[in-house]
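Single-letter residue listing:
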Amino acid sequence: MPLSRHIDPEELVGRLHDAHLTEGGKKLRQLTTTSHLTPYGSRYASQIEVPKYSLPEEGAEADTVYQLIRDELDLDGRPNLNLASFVGTYIEPNAEKLMIDNLSKNLADNDEYPAMMAIHERCISILAKLWGAQKGEKAVGTATTGSSEAIHLGGLAMKRRWQEQRRAKGLDTSKPNIIMGANAQVALEKFARYFEVDARILPVSKESNYRLNPELVKDNIDENTIGVFVILGSTYTGHYEPVEEVSKILDEYQERTGIDIPIHVDGASGAFVAPFTHAGAGGPKWNFELPRVKSINTSGHKFGLVLAGVGWIIWRDESYLPEHLIFELHYLGGTERSFGLNFSRPGSQVIVQYYNLIHLGFKGYREIMENCLTNARLLSKSLEATGWYTCVSDIHRPKSGVSGVIAGAKEATGIQGETSADYVAGLPVVSFRLSDDFKAEFPEVKQEYVSLLLRARQWIIPNYALPPDENQIEILRVVVRESMSLDLLDRLISDIVSVTQQLIEKQNTDASVLAPKELEGKESKQKTSGGVVKRLEDGIHRTVC
């Protein structure tokens, strides 16, 4: 959650009150008479302002407060046009009813809500099987507040197992480290900082598709490496990181040294996309079919199609979740085993997750994910067809050298027409930038202005820098979610073209006045401290989650 400072209302609004216009020597604010016939006929209509930063002595009429708050929230962006976010903004009416019916249920109260806990258990089982749980192993997992908590739990389990193994051998445990790419979402870095693990953040490049480079993993692992975070779907460009390739490197390292380094797959988005699409993860294996993969997390509120508030983590076997981290709680007459960073939290999202899994089934999820990828490819190809833009993401690029294999597989399975299997695997994400030719011809047009002018048309499309070492390149990024229909996509393409044409015709116009005040004067170049990029301070990841 963002930090907020206390605001002194006297300092903020005092001088505005002092400057109120008068009429006949009396303050105009006091002249209007009101009666509470409608919310706009209350005393808040013109006499006094709604208390904002201090508790009022007396309350106000419920319908008035509701209407005033609702009116203020109209200033927010439209969730369905927020193409910056991976988090879903739509659920089916029946799912919404289930959520409302169960809003008051606390997921921490196991004994009081046994039916809800049974549903939680079923979700764990369904996801474990979906991710390749192996016979003879007992997968275990839990719902979390989101992928951030799930990543922390996965990292913490790896750290504790590493400590236990080292202590059993009488070895030092004071210098744990963990491997991740510079494209890692901030939650991975938070784990390292909060739990005192040295984060070895490996640089990414165009050659590595702006994702973790397996060759660099070889040079940075050692006896103190507690694990490797491998991301199934980079938030920058949607590329999947090569889980199996990293696994083979760690296998070879163990053969040479005897040191066993596990993989945690951050599948915040991809673990709900790759299992269902014809393209898969772009390689034979990414999940528990690889013995090296010990845990996987995902966000139910992203491509799991639930609203914000639920994530999942599953360990391939209960032996990979150290017993010391599990708490046995005697609470409200029952006993439960718990491993989490939170206690009380809503249970309704878990119920909606189960609804989606049962209602959609495998084919339903496949249809939705394939539709998302189809629309993302259409957007990518349309942007590049203008000649003004080039895509950094690759899901619209055909796979090379495998057309015969794909054709044979389609024939064997009865698949008709084009699918994601014909293209490079990845998330339904379109990351794009102004083409080199465009920038040479129209040097006065700044890419940031495209984002700002689209915001004026209610589209929320962020413009931000790629990871460190590549942060001289800025990209615009669109997440194509379930609710991006073909008609809406046509309008988006039309507006991007229209805004770009407008900037071409008025090259000398300074559109920076449209930027939020707090961003004025900020350079896109990231700050550094002692040679280390200060990513959290610049808030780069605020727009990429």
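Heads up: the structure comes first, above all this text.
The sections below set out a description of the structure shown in this document. (Residues numbered from 1 in each chain as written. Predicted model: local features only at pLDDT ≥ 70, side-chain atom pairs only at ≥ 80, totals over all residues. Heavy atoms only, no water.)

**Description of the sheet that holds strand β12 (residues 389-391)**
Point 1. What the 4 strands build is an open sheet, ordered β12-β13-β15-β14; its pairing is antiparallel. Each edge of the sheet is formed by a strand with only one pairing partner; in this case those strands are β12 and β14 (463-465). Between one strand and the next, the sheet's axes are offset by a mean angle of 40°, whatever the strand orientation.
Point 2. As paired elements, β12 and strand β13 (residues 429-434) share 3 bridges and run antiparallel to each other. Bridged to C391 within β13 is F432. (Pairing = 2+ DSSP bridges. Helix = DSSP H or I, 4+ residues; strand = E, 2+ residues; numbered from the N terminus. Axes fitted to C-alpha atoms, helices over the stretch in contact; angles between N-to-C directions.)

**Let's talk about the sheet that holds strand β3 (residues 140-144)**
Point 1. On the basis of which strands lie adjacent, the open sheet formed by 7 strands has the order β3-β9-β8-β7-β6-β4-β5 and mixed pairing. Sheet topology places β3 and β5 (198-202) at the edges, where each strand pairs with a single neighbour. Going across the sheet, the axis of each strand differs from the next one's by a mean of 20°, ignoring polarity.
Point 2. Taken together, the 5 bridges between β3 and strand β9 (residues 311-315) define a ladder with antiparallel strand orientation. Each bridged residue has a counterpart across the sheet, and for G141 the counterpart in β9 is I314.
Point 3. Sitting on the sheet, helix α5 (residues 147-168) touches β3, β4 (177-181), β6 (225-231), β7 (263-266), β8 (293-299) and β9, and the angle it makes with β6 is about 150°.
Point 4. Seen against the sheet, helix α8 (residues 243-257) touches β6, β7 and β8 and runs at an angle of roughly 170° to β7. (Contact = heavy atoms within 4.5 Å.)

**Observations regarding the packing of aromatic side chains**
Point 1. Under the definition given, this model contains 10 aromatic pairs.
Point 2. On the numbers, 5.7 Å between centres and 45° between planes, the contact of Y236 with Y464 is tilted. Placement of the pair is Y236 in the loop between β6 and α8 and Y464 in strand β14, with a sequence separation of 228 residues.
Point 3. Given the relative accessible area of 0%, Y236 is considered buried.
Point 4. Under the relative-accessibility criterion, Y464 is labelled buried at 5%.
Point 5. Relative to Y365, the ring of F276 lies with its centre 4.8 Å away and its plane at 15°, an arrangement referred to as stacked. Placement of F276 in the loop between β7 and β8 and of Y365 in helix α9 (residues 348-385) is noted, with a sequence separation of 89 residues between them. (Phe/Tyr/Trp six-rings, centres within 6.5 Å; stacked < 30°, edge-to-face > 60°. Buried < 20%, exposed > 50% of the residue type's maximum accessible area, 1.4 Å probe, protein only.)

**Side note on the layout of surface pockets**
Any space left empty among the atoms is revealed by the rolling of a water-sized probe across them.
Point 1. Counted as a void, the second largest pocket has a volume near 910 Å³.
Point 2. If you trace the second largest pocket, you find 31 residues lining it, with H120, V140, G141, T142 and R337 closest to the centre.
Point 3. Within the residue set of the lining of the second largest pocket, elements represented by two or more residues are α4 (114-130), β3 and β11 (334-338).
Point 4. Among the elements that take part in the lining of the second largest pocket, α4 stands out by supplying 8 residues, more than any other.
Point 5. Among the residues forming the lining of the second largest pocket, the class breakdown is 14 nonpolar, 8 polar and 9 charged. (1 Å grid on protein atoms, 1.4 Å probe; cavity = no way out; pocket = protein on both sides within 12 Å on 5 of 7 lines; lining within 4 Å. Points joined across faces, edges and corners; volume = space filled by probe spheres on them. Nonpolar A, V, L, I, M, F, W, Y, C, P; charged D, E, K, R; others polar.)

This is a description of form; function is not addressed.
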